[in-house]
Every structure is written in C-alpha cells, then in structure tokens.
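Residue-level structural notes
Here are the chains, one letter per residue:
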Amino acid sequence: REYLDLARVEGGELQARPRDGVDFTAEIVDPACDIVAPQLVERRMTLERVLPAGPVVVSCDPDLLKIVAVNLLSNAVKYGREQGRIRLTVAGHAAGFGLRVWNEGPGFPASQRPRLFRRFSRLDTPELRKRKGTGVGLYTSWRIVKLHGGTLSADSREGEWAEFRCEIPQPIPGATAPEAREPDPG
C-alpha cells in the first residue's frame, strides 16, 4: 500500500480534496486505531487516546489524513517498545488542529532527524535497523500534510521515546501540490 500511495504522490495523482464538517475523531482517528489494533495486541502495547470532550470538526481530506494517522500509529507500534505505551493526542485550537503520536521505545538521535521525512530513507542506528521498513510511509505522510498546508515534525529522547506531530491549519490554504524538493525538518 505504501508504494501505491508513493506512486500516486510522485505522479501528481494525489490531490487533497478537502471537505468541511469532517469529525476528525470519528472519520480519521477511530478507523486508524481499528487498523493498527491487531499490531497493538501482537506486541502487547497499550494505546492511550487523549481526545477533546467534544468533536473536532475540521476541513480536510479524511481519506488522505487517515493514511497519515495509520502511518504514524503503525510506526509507533513497529518502533515502540514491546509491552510499551503509545499515546495519541488530538487537539483543536484557534489556528487549526493537531495530531500527536508518542511512543516508548528507542527513539532516534537528533543527528538522524533530517532523514526522517526523506523518500526511501531509514534511520541508521543498530536498534532501528532491526525493524523492517521501506522508508516510504513518513515521506508520503509528509507530502499529504503539505497538501493540507500543514507541518509534520518529530522529536525524541534517544533510548526513551519518540513523538510525531502533525498540525493542519484551518482554513486550509488552497490545495496545491507540495514542493518537489526533499523536506528540511530542521
């Protein structure tokens, strides 16, 4: 699936088709959690959901942002500590809305951060090399978030945790193709 999504992104076929009135939790977060639930059970991990009391109703392309949510959650399971915790946080705010996915695990060194959102790039640490991956999911997610005029960033404390943050502005600026150059997550 990741390679098909990447082909659509690279071929310019992936266009954001935002619609108003999307319940972010019901249409994106809940289905993404359902998709990764078997992986969570297999690795005996706990998913904590930190959600606002009411719905976060936004303008976005729910199909595309579901790809982002699934990628972030799948990575948290794949790279997290077995029997560890994952925390998914959704927040609406004046400028837009955000999704954060945090996990206990090896994290990544700050020196590796620039490689995170590059196509076919994998982090080069002994712990992370043991995990299978294509280096496509985060790049595709970065491109999708850019289609929404948003940002995708990451932070970590090596040996303890990693967190990925997606912020989408509201209203969404004109749905345009993302920049062709590689990301500078700086």
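Residues numbered from 1 in each chain as written. Predicted model: local features only at pLDDT ≥ 70, side-chain atom pairs only at ≥ 80, totals over all residues. Heavy atoms only, no water.

1. Structural notes on the overall build of the chain
Helices and strands together make up the secondary structure of the chain, namely five helices and seven strands. Element order for the chain, N to C, with α for helix and β for strand: α-β-α-β-β-α-β-β-α-α-β-β. When each of the 186 residues of the chain is scored for burial, the buried share is 48%. When the accessible area of the chain is evaluated, it comes to approximately 9,100 Å², of which 51% is carbon and sulfur surface. (Helix = DSSP H or I, 4+ residues; strand = E, 2+ residues; numbered from the N terminus. Buried < 20%, exposed > 50% of the residue type's maximum accessible area, 1.4 Å probe, protein only. Areas by Shrake-Rupley, 256 points an atom, 1.4 Å probe, with all protein chains shown as cover.)

2. Regarding the environment of Arg-44
Secondary-structure assignment places Arg-44 in the loop between helix H2 (24-42) and strand S2 (46-50). With a relative accessible area of 49%, Arg-44 lands in the partly exposed category. C-alpha separation for the pair Arg-44 and Gln-83, spaced 39 residues apart in sequence, amounts to 4.7 Å. Those residues within four positions of Arg-44 in sequence are excluded, and the remaining contacts are Glu-82, Gln-83 and Gly-84. (Contact = heavy atoms within 4.5 Å.)

3. Here we look at the confidence of the model for the chain
Should pLDDT be low for a region, the predicted coordinates there are not to be read in detail. When pLDDT is averaged along the chain, the result is 83; 77% of the residues meet or exceed 70. Across the chain, element-level confidence peaks in S2 with a mean pLDDT of 98 and bottoms out in helix H4 (residues 126-129) with 50. Every residue in residues 175-182 is under pLDDT 50, and counting partners more than four places away or in other chains gives 15 contacts. (pLDDT = per-residue confidence, 0-100.)

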